[in-house]
Structure formats: structure tokens, C-alpha cells
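What follows is each chain in one-letter form.
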Amino acid sequence: MEAEEESRFALILGKPGGGKGTISGKILKDFPKFHHISTGDILRSHVREETTLGLEAAKFMKEGKLVPDKLMINLVVEESAPYLEKGESLLLDGFPRTVGQAEALESSIHVDMVVNLDVPNETIVERLSDRWIHEPSGRIYSYSYKPPKVQGIDDETGEPLVQRHDDKPETVQARLELYDQATSPLVEYYERNGVLKTFRGTQSDVIYPEVKKWLHSCFEE
Ligand code: ATP
């Protein structure tokens, strides 16, 4: 089997608003064998559809808190099972976010590559206050660097754009603090396992070519 054909398990780690979604989109274009699982997107769709999980998760998400580990682990096991059974490669975005989640994941899957995005807090606060989304598709706009053709309107559907509840400034601060406490220990956790690489910067377009180079080198190993 050629190296590029083996199934791989990759994670993308980074602060809220640090460009995980943007970098994931670019990775998926260049490495189409990855199936993308974004826990934030999945949770938002449960919230919109008012499922039991969605109603429970919404209470935490609105305040910028983490959804409890047990719910998240069950969700990820369920979402990833069909792909793992087929031996497909996965790119997980937004999970794990706590050491408990990472340990639960490692007990069933070995993580091969962790892309750690390190973006300064000032950049994140500016970026999130400027971020608008088209809720049904998850398309993201920014009035300063990726504006819609018409202010407040999605380019493709003509439907209105909204700001995420958790992108309000006071919630952003809480999410950044939570990241430092709960999620940043994962950097050390994966560094110890020898699978993590950190990419520092403020712009996804500048960071991404380095990420791509590194992923290619991992596939060639
Ligand atoms: P981005 O800015 O790249 O969208 P984010 O960190 O702001 O990233 P999401 O990953 O979309 O946001 O997650 C949104 C919310 O969903 C989180 O603030 C949290 O409440 C909940 N959530 C998502 N993934 C997890 C997880 N693995 N564990 C606990 N809560 C989660």
C-alpha cells in the first residue's frame, strides 16, 4: 500500500476564532481523502434542529462553556464510527478540547498528526467581533478581510447573515480563558506523543502553506 493510501487520523487544535475552520477547509481541498468532523458545526446543527442533544448543548454553548465530556465523547464516537469502519482518514476539528476527551479518543484511535494553530489573543478578539455567518451552510464572512458582496447577505443564497451568540465580546473573553485552562494542556499532551506541530501567525493564508508542507511530510513518512 502506498503511504498516501493509508488511513490517517489528524486533529486541528487552536483557540476559538484562530482559523481552525479556514485551515480545515484548505486541508480538505489539498488532501481530499480526509473526512472532516467539526464538533462545533455538528453541535450547531443539533441546536438548530432542537434535538435532545441540541437543547442540552445550547445551555453551555451560549455562555461560551464547554459541553460536558460524556456528551461530546458519545457524539464523536457515533459520528466517526462509519468512517473508521471503512478505514477512511479523519480530520477532527474542535475535538478533543480537554485531556479527558483526548484520553477517551486515544483509547480507541491513535492520533497521527496534530496541527496546532497559535494565534495572538488580540487578533482573535478583533476577528470574532467582525465575523458573520450564514447559519444553514456555515459559510463565514468577515467585514474586514472577506466581506459579502452585499452587507448582511449571504453571497450564494441571498439569505441574511447573523452573528454567533458566542462571538459577543464578553463571551469571547470567557472562551479564551477556558481555552487556556482546559484545552492548552493538550498541546503538551500531544507534544509528548511526538505528533504535534505548532504554526504561529495571524493570517491563515500565510500559515497554511507551512501546514500543507508538514502534512505532506507526515504522509511520506
Ligand atoms: P471556531 O472559531 O474555529 O469556530 P470555536 O472554538 O469558536 O472555533 P467551535 O469549535 O465551533 O468554536 O465550538 C463552538 C462551541 O461548541 C464551543 O464554545 C463549545 O461550547 C462547544 N463545543 C464544540 N466542541 C466541543 C468539545 N469538543 N467539547 C466541549 N464543547 C465543545
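Further up the page is the structure itself.
Position numbers for residues start from 1 in each chain and track the written sequence from start to end. The predicted nature of this model means local features are confined to residues of pLDDT at least 70 and side-chain atom pairs, given and counted, to a pLDDT of 80 or more, with totals for whole chains, interfaces and linings taken over all residues. Only hydrogens and water are set aside when side-chain values are computed; all heavy atoms of the structure are taken into account.

### Looking at the overall build of the chain
Turning to step 1, where the next piece is worked out: Here a helix means four or more residues in a row that DSSP labels H or I, a strand means two or more in a row labelled E, and each is numbered from the N terminus. Per the secondary structure count, the chain includes nine helices and seven strands.
Turning to step 2, where the next piece is worked out: The globule rule is 2.2 Å times the number of residues to the power 0.38, and the radius of gyration it is compared with is taken over C-alpha atoms. Compactness check: the chain gives a C-alpha radius of gyration of 17 Å against a globular reference of 17 Å for 221 residues, within 12% of the reference.
Turning to step 3, where the next piece is worked out: Its C-alpha atoms give the chain principal-axis dimensions of about 50 × 35 × 35 Å.
Turning to step 4, where the next piece is worked out: Counted over contacts in the chain with a minimum sequence separation of 6, partners at least 24 positions apart contribute 72%.
Turning to step 5, where the next piece is worked out: Computed over 27 positive and 39 negative side-chain charges, the separation of the two mean positions in the chain equals 3 Å. Contacts: residue pairs with any heavy atoms within 4.5 Å of one another. We treat Lys and Arg as the positive residues and Asp and Glu as the negative residues; His and chain ends play no part in the count. Where a charge lies is defined by one atom per residue type, namely NZ (Lys), CZ (Arg), CG (Asp) and CD (Glu).

### Considering the side chain of Gln 101
Turning to step 1, where the next piece is worked out: Structurally, the position occupied by Gln 101 is in helix H5 (residues 99-106).
Turning to step 2, where the next piece is worked out: In this scheme, a residue with accessible area under 20% of its type's maximum is buried, one over 50% is exposed, and one in between is partly exposed, where area comes from a 1.4 Å probe on protein chains only. When its relative accessible area of 2% is taken as the criterion, Gln 101 is described as buried.
Turning to step 3, where the next piece is worked out: Pairs of N or O atoms within 3.5 Å make up the polar contacts considered here, provided that, within protein, one atom can donate a hydrogen while the other can accept it, and that residues adjacent in sequence are counted only when both atoms are side-chain atoms. At a separation of 3.0 Å, a polar atom in the side chain of Gln 101 contacts the side chain of Asp 69.
Turning to step 4, where the next piece is worked out: Look past the residues within four positions of Gln 101 in its chain and what remains in contact with it is Val 67, Asp 69, Met 72, Ile 73, Phe 95 and Pro 96.

### Notes on the nonpolar core
Turning to step 1, where the next piece is worked out: Within this scheme, the nonpolar core is defined by two criteria: the residues are buried Ala, Val, Leu, Ile, Met, Phe, Trp, Tyr or Cys, and they are joined through side-chain atoms within 4.5 Å. Counting 28 residues, the largest nonpolar core has Phe 9, Leu 11, Leu 43, Leu 92, Leu 105, Val 114 and Tyr 190 as the members making the most contacts within it.
Turning to step 2, where the next piece is worked out: Of all the secondary structure elements, the ones that give two or more residues to this core are strand E1 (9-14), helix H2 (39-49), helix H3 (52-62), helix H4 (69-85), strand E3 (89-93), H5 and helix H8 (185-192).
Turning to step 3, where the next piece is worked out: The contacts of Tyr 190, once residues within four sequence positions are left out, are Leu 11, Leu 13, Pro 96, Ala 102, Leu 105, Glu 106, Val 111, Val 114, Val 195 and Leu 196.

### A few points about the site of the ligand
Turning to step 1, where the next piece is worked out: Throughout this document, a residue counts as near a molecule or strand when at least one of its heavy atoms sits within 4 Å of that molecule or strand. By nearness alone, 20 residues border the ligand, and Gly 17, Lys 65, Gly 94, Arg 97 and Arg 175 come closest of all.
Turning to step 2, where the next piece is worked out: Within the backbone of Val 67, one N or O atom sits 3.0 Å away from a nitrogen atom of the ligand.
Turning to step 3, where the next piece is worked out: Looking at which element gives the most residues to the shell around the ligand, the answer is H2, with four residues.

### Some words on the sheet that holds strand E4 (residues 113-118)
Turning to step 1, where the next piece is worked out: A pair of strands is treated as paired once DSSP finds two or more bridges between them. Spatially, five strands are ordered E2-E3-E1-E4-E7 in an open sheet, and the strand pairing comes out parallel. Only two strands of the sheet have a single partner each, and these edge strands are strand E2 (34-38) and strand E7 (196-200). Geometrically, the sheet is characterised by an average inter-axis angle of 20 degrees between neighbouring strands, direction not taken into account.
Turning to step 2, where the next piece is worked out: Of the strand pairs in this sheet, E1 and E3 are connected by four bridges, and their pairing is parallel. The residue bridging Leu 11 from the neighbouring strand is Leu 92, located in E3.
Turning to step 3, where the next piece is worked out: Only the stretch in contact is used when fitting a helix axis, every axis being a line fitted to C-alpha atoms; angles between N-to-C directions are given from 0 to 180 degrees. Sitting on the sheet, helix H9 (residues 204-220) is in contact with E2, E4 and E7, with an inclination near 165 degrees to E4.

### Section: the packing of aromatic side chains
Turning to step 1, where the next piece is worked out: Paired rings are identified among Phe, Tyr and Trp, the last through its six-membered ring, by centres lying within 6.5 Å, and are further divided according to the angle between planes into stacked (under 30 degrees), edge-to-face (over 60) and tilted (the rest). In this structure the tally under the stated criterion is six aromatic pairs.
Turning to step 2, where the next piece is worked out: Aromatic pair Phe 34 and Phe 219: ring centres 5.9 Å apart, planes at 55 degrees, arrangement tilted. Separated by 185 residues along the polypeptide, Phe 34 in strand E2 and Phe 219 in helix H9 bring together distant segments of the chain.
Turning to step 3, where the next piece is worked out: Classification of Phe 34 by relative accessible area gives buried; the value is 6%.
Turning to step 4, where the next piece is worked out: Judged by centre distance (6.1 Å) and plane angle (65 degrees), the ring pair of Phe 199 and Trp 214 falls under edge-to-face. Of the two residues, Phe 199 is situated in strand E7 and Trp 214 in helix H9; the sequence distance between them amounts to 15 residues. Accessibility classification places Phe 199 together with Trp 214 in one group, the buried group.
Turning to step 5, where the next piece is worked out: Three or more aromatic residues link up through ring pairs in this structure, and these residues are Phe 31, Phe 34 and Phe 219.
Turning to step 6, where the next piece is worked out: Above the plane of the ring of Tyr 141 lies Lys 146, whose end atom (NZ or CZ) is 5.4 Å from the centre. By definition, being over a ring means that NZ of Lys or CZ of Arg is both within 6 Å of the ring centre and within 35 degrees of the ring normal.

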